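The lines below spell out each chain.
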Amino acid sequence: MSFYITDDNIGHLDHTVMTSESDSYNTTRLSLYQALVQEIAGLHADKRGVGIPDLQSNGKTWVIARSRMEVYYYGSWKDEIEVETWPQDPIGLNCPRIVRAKDKNSNRPLFFANTKWAIIDTIKGRPLRPKEVTDALMVPSKELQIDATLPNNLELIESSNVFIKEYVPTIHFLDTDLNHHVNNLSYINWILESLPEEFMDQFKPSLIDVRWIRQTFRKDKLIVTIFAKDSNELSKQKPELYFKIERIKEDGSREDVFDAITEWKSRNSF
């Protein structure tokens, strides 16, 4: 894995798919694409002196708040992937970052991700104005930036009220990260684990749009709920599924910590 930044401040990461990053059909796992988004964002910030260790020494840290990824193609073991990223001008308290990837040999597009990050005061747990950090990141010129506006999915999620299934994940030590909370990738793995195996044998996500609403920790009790608009959604040709992860509080009440909108296609259509 090699990383470098070009003169126009676009970060590039080369990665060769390992066997552990492919599923039982020798198809690249979604978790690899999500991990590459996290890795290249971290490397780019670190090279500019505003990575998580740098910020933590000043009582701050990075957290991801939103990610919308469109998947065009899933590769396989030994494929060479080229990922590129660049930060964009802040939108309020959010720091948008674009990440996209292609097959290095064929130039075939693999995925496009529009992500929103925030700088958090680790003592107060509140977001901070990002100008100082985005100045350090050296945001590219406006000519190189794209529209990073994301749709408001709340109404879509709330209108999808047909219950499909519940799943109770177990938070393990390896789910925690540099911020000492559950890493964002674990939430995505949990929603995939919540689905029936026969469904996962047939489908892979073509779109995944997620929000990390609240931090969670090792001793938390969580529950994943799958919703849809129709009770037969899992048997459709292009299913659309909605997920919510809640924390079960000591008094038995629940609070939202994560939600996701997903669209799926048959494995052989990628």
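Quick caveat: nothing in here was measured; it's all calculated off a predicted structure. (Residues numbered from 1 in each chain as written. Predicted model: local features only at pLDDT ≥ 70, side-chain atom pairs only at ≥ 80, totals over all residues. Heavy atoms only, no water.)

Draft legend 1. Focus on the layout of surface pockets. Counted as a void, the largest pocket has a volume near 870 Å³. Forming the walls of the largest pocket are 39 residues, and the residues nearest its centre are Trp-62, Val-63, Ile-64, Trp-117 and Asn-179. Those elements that place two or more of their residues in the lining of the largest pocket are α1 (30-47), α2 (52-56), β3 (60-71), β5 (95-103), β6 (109-121), α3 (131-137) and α5 (184-193). Counting residues per element, the lining of the largest pocket draws most heavily on α1, which supplies seven residues. Class assignment for the residues of the lining of the largest pocket results in 23 nonpolar, eleven polar and five charged. Of the voids in this model, the second largest pocket is the one considered here, and its volume is about 380 Å³. Lining the second largest pocket are 18 residues, and of these Asp-23, Arg-29, Leu-192, Met-200 and Arg-267 lie nearest its centre. Residues that form the lining of the second largest pocket fall into these classes: eight nonpolar, three polar and seven charged. (1 Å grid on protein atoms, 1.4 Å probe; cavity = no way out; pocket = protein on both sides within 12 Å on 5 of 7 lines; lining within 4 Å. Points joined across faces, edges and corners; volume = space filled by probe spheres on them. Helix = DSSP H or I, 4+ residues; strand = E, 2+ residues; numbered from the N terminus. Nonpolar A, V, L, I, M, F, W, Y, C, P; charged D, E, K, R; others polar.)

Draft legend 2. Geometry of empty space enclosed by the protein. Enumeration according to the criterion identifies two cavities of 30 Å³ or more in this entry. Within this model, the largest cavity holds a volume of roughly 40 Å³. Lining of the largest cavity is provided by Gln-34, Val-37, Gln-38, Ile-64, Ser-67, Asn-184 and Trp-212. Contributions of two or more residues to the lining of the largest cavity are made by α1 and β3. It is α1 that contributes the most residues to the lining of the largest cavity, three residues altogether. For the lining of the largest cavity, the per-class residue count stands at three nonpolar, four polar and no charged. In terms of lining residues, the second largest cavity is bounded by Val-17, Thr-28, Tyr-33, Gly-75, Ser-76, Asp-79, Ile-81, Asp-103 and Leu-110. Each residue belonging to the lining of the second largest cavity can be placed in one class, and the counts come to four nonpolar, three polar and two charged.

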